Amino acid sequence: LERLDANSRKQEAEWKEKAIKELEEWYARQDEQLQKTKANNRAAEEAFVNDIDESSPGTEWERVARLCDFNPKSSKQAKDVSRMRSVLISLKQAPLVH
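These numbers were taken from a predicted model, which means no experiment stands behind them.

## Remarks on the packing of helix H2 (residues 60-67) against helix H3 (residues 82-93)
Put simply, H2 and H3 touch, their axes get as near as 8 Å, and they point 140 degrees apart. By the criterion of interaxial angle, the relationship of H2 to H3 is oblique. In the crossing of H2 with H3, the sense of the turn from one axis to the other is left-handed. Contacts between H2 and H3 involve Trp61, Glu62, Val64 and Ala65 from the former and Leu88, Leu91 and Lys92 from the latter. Here the contact of H2 with H3 is composed, by residue class, of five nonpolar, no polar and two charged.

So, in structure tokens, the structure goes:
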């Protein structure tokens, strides 16, 4: 009985060590993923800010078109926006002149 108890304690200690090691690895992977996400977000924010600053007259509809999804099969449950899509595409190609 003592041998079984000692074996079970030994096995429990091994499991705890293994769990601690796996938890540390998980935290390391999470931290690495978080750093990558932060770097990607910073780069995207910088590109967005640069894009906003570069606005020149006549490029407004191109900027709008970049923000829109022109894939007609993007969602089956969404409303039909084909007319709006065609209007935006035509404005991008031939912007209105004031």
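## Remarks on the pattern of salt bridges
Tallied over the full model, the rule gives three salt bridges. In this structure, the salt-bridge partner of glutamate 12 is lysine 16, at a minimum N-O distance of 3.7 Å. With glutamate 12 and lysine 16 both in helix H1 (residues 2-53), this residue pair falls four residues apart, about one helical turn.

## Side note on the packing of aromatic side chains
This structure, assessed with the given rule, holds one aromatic pair. Taken together, a centroid distance of 5.2 Å and an interplanar angle of 65 degrees make the contact between tryptophan 26 and tyrosine 27 edge-to-face. On the basis of relative accessible area, tryptophan 26 is assigned to the partly exposed category, the value being 39%.

## Here's the deal with the UniProt feature "coiled-coil region" (unreviewed entry) in the protein chain
Listed under "coiled-coil region" (unreviewed entry) in the UniProt record, and renumbered for this structure, are residues 20-47. Note that residues 20-47 is 100% helix and 0% strand, and that its end C-alpha atoms are spaced 40 Å apart.

## Brief notes about a nonpolar patch on the surface
A contiguous nonpolar surface patch, about 390 Å² in accessible area, is contributed by Phe48, Val49, Ile52 and Leu67. Here the nonpolar patch takes three residues from H1, the largest share from any one element. When its relative accessible area of 38% is taken as the criterion, isoleucine 52 is described as partly exposed.

The rules behind these values
- For every chain, the first residue of the written sequence is number 1, and numbering continues from 1 onward in sequence order.
- With the structure being a predicted model, the display of local features is reserved for residues of pLDDT at least 70 and the display and counting of side-chain atom pairs for 80 or more, all residues being used for whole-chain, interface and lining totals.
- Values reported for side chains reflect all heavy atoms of the structure, with hydrogen atoms and water molecules removed beforehand.
- Angular values range over 0 to 180 degrees, each being the angle between N-to-C directions of two axes fitted as lines to C-alpha atoms, with helices fitted over their stretch in contact.
- Put simply, DSSP H or I for four residues or longer makes a helix, DSSP E for two residues or longer makes a strand, and each gets a number counted from the N terminus.
- Oblique is the label for any angle not covered by the other classes, which are roughly parallel (under 35 degrees), roughly antiparallel (over 145) and roughly perpendicular (65 to 115).
- We call a crossing left-handed when the near helix sits turned anticlockwise from the far one by less than a right angle, and right-handed when that turn is clockwise.
- Every residue pair with non-hydrogen atoms within 4.5 Å of one another is taken to be in contact.
- In the scheme used here, Gly and all other residues not listed as nonpolar or charged are polar, with Ala, Val, Leu, Ile, Met, Phe, Trp, Tyr, Cys and Pro taken as nonpolar and Asp, Glu, Lys and Arg as charged.
- Within this document, salt bridges are pairs made up of a side-chain nitrogen of Lys or Arg and a carboxyl oxygen of Asp or Glu, the two lying within 4 Å of each other.
- Two aromatic rings, drawn from Phe, Tyr or Trp (for Trp, its six-membered ring), form a pair once their centres lie within 6.5 Å of each other, and the interplanar angle then sorts them: stacked below 30 degrees, edge-to-face above 60, tilted otherwise.
- Think of it in three bands: residues with accessible area under 20% of the maximum for their type are buried, residues over 50% are exposed, and the middle band is partly exposed, with areas taken using a 1.4 Å probe on protein chains only.
- UniProt positions are given in the numbering used here, feature names are shortened, and annotations may be inferred rather than shown by experiment.
- Only residues whose relative accessible area exceeds 30% and that form no salt bridge are eligible for patches; like-charged ones are grouped when within 9 Å, while nonpolar side chains (Val, Leu, Ile, Met, Phe, Trp, Tyr) are grouped when within 5 Å.
- A 1.4 Å probe and the Shrake-Rupley method give the accessible areas. Residues count as covered only by the protein chains that appear here.

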